[in-house]
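Structural features, examined
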Amino acid sequence: MPRPTAAQLAYGSATVVFATVAMLLLSRTTTGLGVALIGVAALALGLLVAMTLPQPAGRRTAYGNAHPAAPAKPREHSLRR
């Protein structure tokens, strides 16, 4: 499994914080069980957001390059005009 990028960590963390605050305000729960359930739901949502962000194109996988490039042909220089 590749390491998460900085963007994935940032979006996932922001999602957890904002989702927790929004769900607590909307549900108006005061019980410990309700707060715990909202926290777990926000963590799951943050993980989902972080994992669905696309990886950068140049990223290498655990098994090598994601898209191996064809070997480059040497350029032949012609002195004829």
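Structural data are supplied above this passage.
These numbers were taken from a predicted model, which means no experiment stands behind them.

Reading the values: the criteria
Residue numbers restart at each chain and count upward from 1, following the sequence in its written direction. In keeping with the model being predicted, local features are shown solely for residues with a pLDDT of at least 70 and side-chain atom pairs are shown and tallied solely at 80 or more, while totals for entire chains, interfaces and linings include all residues. Each side-chain value is derived from all of the structure's non-hydrogen atoms; neither hydrogens nor water enter the calculation. The axes are straight lines fitted to the C-alpha atoms, using for helices just the contacting stretch, and the angles between their N-to-C directions are given from 0 to 180°. Numbering of helices and strands runs from the N terminus; a helix is a DSSP stretch of H or I covering at least four residues, while a strand is a stretch of E covering at least two. Here roughly perpendicular refers to angles of 65 to 115 degrees, roughly parallel to angles under 35, roughly antiparallel to angles over 145, and oblique to all remaining angles. A clockwise turn of the near helix away from the far one marks a right-handed crossing, whereas an anticlockwise turn of less than a right angle marks a left-handed crossing. Only heavy atoms enter the contact rule, under which two residues are in contact if any of them lie within 4.5 Å. Asp, Glu, Lys and Arg are counted as charged, while Ala, Val, Leu, Ile, Met, Phe, Trp, Tyr, Cys and Pro are counted as nonpolar; the rest, among them Gly, fall into the polar class. Expected span of a helix, by definition, is 1.5 Å for each gap between consecutive residues, and there is one gap fewer than residues. Buried residues are those whose accessible area, probed at 1.4 Å on protein chains only, stays under 20% of the maximum for their type, while exposed residues exceed 50% and partly exposed ones sit between those limits. Each direction from the helix axis to a C-beta atom contributes to the arc, which is the arc of those directions.

Focus on the packing of helix α1 (residues 6–27) against helix α2 (residues 32–52)
In contact at an axis separation of 8 Å, α1 and α2 are set at 150 degrees when each is read in the N-to-C sense. The orientation of α1 relative to α2 falls into the category roughly antiparallel. Between α1 and α2 lies a crossing whose hand is right-handed. Residues Gln 8, Tyr 11, Gly 12, Thr 15, Val 16, Ala 19, Thr 20, Met 23, Leu 24 and Ser 27 of α1 lie in contact with α2, whose contacting residues are Val 35, Ile 38, Ala 41, Ala 42, Leu 43, Leu 45, Gly 46, Val 49 and Ala 50. Here the residues of the contact of α1 with α2 sort into 13 nonpolar, 6 polar and no charged.

As for α1
If you check α1, its first and last C-alpha atoms are 31 Å apart, about what 22 residues at 1.5 Å a residue would give, namely 32 Å. For α1, the set of buried residues is Gln 8, Gly 12, Thr 15, Val 16 and Ala 19. Within α1, the buried residues cover an arc of 105 degrees as seen down the axis, which keeps them to one side. Away from its buried face by more than 90 degrees, α1 exposes Ala 6, Phe 18 and Leu 25. On the buried face of α1, the contacting elements are α2. Count one or two residues on from α1 and you reach Arg 28, which has phi positive near 55 degrees.

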